[in-house]
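Residue-level structural notes
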Amino acid sequence: MNEEMTLDRDGDDKALLLDKEEVPPVLENNTAGRSPFLLTSDHYGRTIPRRLGDLGLPAGELERHIAWDIGIAGVADALSKDLDAHLIAQRYSRLVIDCNRPPDAASSIPRISEATLIPGNEGLTREAADARRLAIFDPYHDRIAEVIEQRRRENIPTVLVALHSFTPAYAGIIRPWHIGTLYYRDTQLPPRLLRLLRSESDLVVGDNEPYAVSEETDYTIPVHGEARGLMSSGLEIRQDLIAAPAGQIEWADRLARIFGELEAMLRAERLLPG
């Protein structure tokens, strides 16, 4: 066990979790974007704070889905540009703290992920867990809340879209979907988005597949979308389709076209101001 993980386990000064030279947790693109779509990416990056070392894992494990959403960073960046949409993304690995889990959930700082033990997450004190939340989780979600509130004050309509990717197979079961919509109680955005995606003849589209949103397992949509009464949906794209840059651009272009149609639909139905 390396020294960095020992320091974290002992709950040293919370303010020291991220050194001044390290990248901030929040990445933003196109902050002045005029699109009504506000894009988030909870699992955009896989950086680990220096004090945590490698969490006791070999390098190959930190390239897998357990560490981040493979391919979604490239899609998110390109889609933000194509749509002229504000993107708020999280640079640090979900293995440090998962920014789409309630902080009190067992999966917030996973001790095991997809059958892989995470040694650096074993035996954390409450202080050590709080240090991760204060340094990474809170700044990300505080920024999303701040942007939504600013848009509200400026009468800018906001439709929240959380971008994710998923593995082609899980626990030996093949997942047939190319893309899936994920939602909770919103009955406005998800069915319209689902209909537009299913009008693409070459796509197999999941309806709350391969995951469904709930308050127990998710944070971004329930807290920033549902609790504020915003139209909201998650998108999950299968990772083998976006692992390479060409696939990322292809999917961003496709989604930009679909979201353009969706925006026109919402405005025509007066769900957004015309």
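As the structure is a computational prediction, the values presented were derived from the model and not from experiment. (Residues numbered from 1 in each chain as written. Predicted model: local features only at pLDDT ≥ 70, side-chain atom pairs only at ≥ 80, totals over all residues. Heavy atoms only, no water.)

**Re unusual backbone geometry**
Rule in force here: Counting from the N terminus, the helices are DSSP H or I runs at least four residues long and the strands are E runs at least two residues long.
With an omega dihedral of 5°, the bond running from Glu 209 to Pro 210 counts as a cis peptide bond. Looking at the secondary structure, you find Pro 210 in the loop between strand S10 (205-207) and helix H5 (220-225). Even without a glycine there, the phi angle at Leu 55 is positive, about 60°. The residue Leu 55 is located in the loop between strand S2 (37-41) and helix H2 (72-83) in this model. Non-glycine residue Arg 270 carries a positive phi angle of around 60°.

**Some words on the sheet that holds S2**
Threshold: Two strands are counted as paired when DSSP detects at least two bridges linking them. Lines are fitted to the C-alpha atoms to define the axes, a helix being fitted only along its stretch in contact, and any angle between axes, read from their N-to-C directions, falls within 0 to 180 degrees. By definition, residues are in contact when any of their heavy atoms lie within 4.5 Å.
Ordered by their spatial adjacency, seven strands build an open sheet running S1-S3-S2-S6-S11-S9-S10, and the pairing between neighbours is mixed. Both outer strands of the open sheet, strand S1 (26-29) and S10, are each paired with one neighbouring strand and no more. The mean angle between the axes of side-by-side strands here comes to 20°, regardless of whether they run parallel or antiparallel. As judged from the four bridges shared by S1 and strand S3 (residues 87-90), these two strands associate in the antiparallel manner. Looking at the pairing, Glu 28 lines up with Ile 88 of S3. Strands in contact with helix H3 (residues 126-153) are S1, S2 and S3; relative to S3, the strand with the most contacts, it is inclined by about 170°.

**Examining the side chain of Arg 254**
Quick note on the threshold: Summary of the burial criterion: residues with accessible area below 20% of their type's maximum are buried, those above 50% are exposed, and those between are partly exposed, where the area comes from a 1.4 Å probe applied to protein chains only.
Tracing the backbone through its elements, the reader meets Arg 254 in helix H7 (residues 245-268). With relative accessibility at 13%, the residue Arg 254 sits in the buried group. With sequence-adjacent residues up to four places away left out, Arg 254 is seen in contact with Glu 200, Asp 202 and Leu 203.

**Describing the nonpolar core**
Stated precisely, the cut-off is as follows: Each nonpolar core is a collection of buried residues, namely Ala, Val, Leu, Ile, Met, Phe, Trp, Tyr and Cys, held together in the definition by side-chain atoms within 4.5 Å.
Within the largest apolar cluster, 39 residues are counted, with the highest numbers of intra-cluster contacts made by Ile 179, Leu 235, Leu 255 and Phe 259. Secondary structure elements with two or more residues in this core: S2, H2, S3, strand S6 (159-166), helix H4 (189-198), strand S11 (231-238) and H7. The dominant element in this core, judged by the number of residues it contributes, is H7, at nine residues. With residues up to four places along the chain from it excluded, the contact list for Phe 259 reads Phe 37, Leu 83, Val 161, Leu 193 and Leu 235. Membership of the second largest hydrophobic core comes to 30 residues, among which are Ala 129, Ile 136, Ile 144 and Ile 148.

**A closer look at the packing of H4 against H7**
Defined as follows: By the definition adopted for this analysis, an angle is roughly parallel if under 35 degrees, roughly antiparallel if over 145, roughly perpendicular if from 65 to 115, and oblique otherwise. Crossings are classed by handedness, with left-handed meaning an anticlockwise turn of the near helix from the far one by less than a right angle and right-handed meaning a clockwise turn.
With their axes 10 Å apart at the nearest point, H4 and H7 run at an angle of 130° to one another. For the element pair H4 / H7, the angle class is oblique. For H4 against H7, the interelement crossing comes out right-handed. Touching Leu 189, Arg 192, Leu 193, Arg 195, Leu 196 and Leu 197 of H4 are Leu 255, Ile 258, Phe 259, Glu 261, Leu 262, Met 265 and Leu 266, all from H7.

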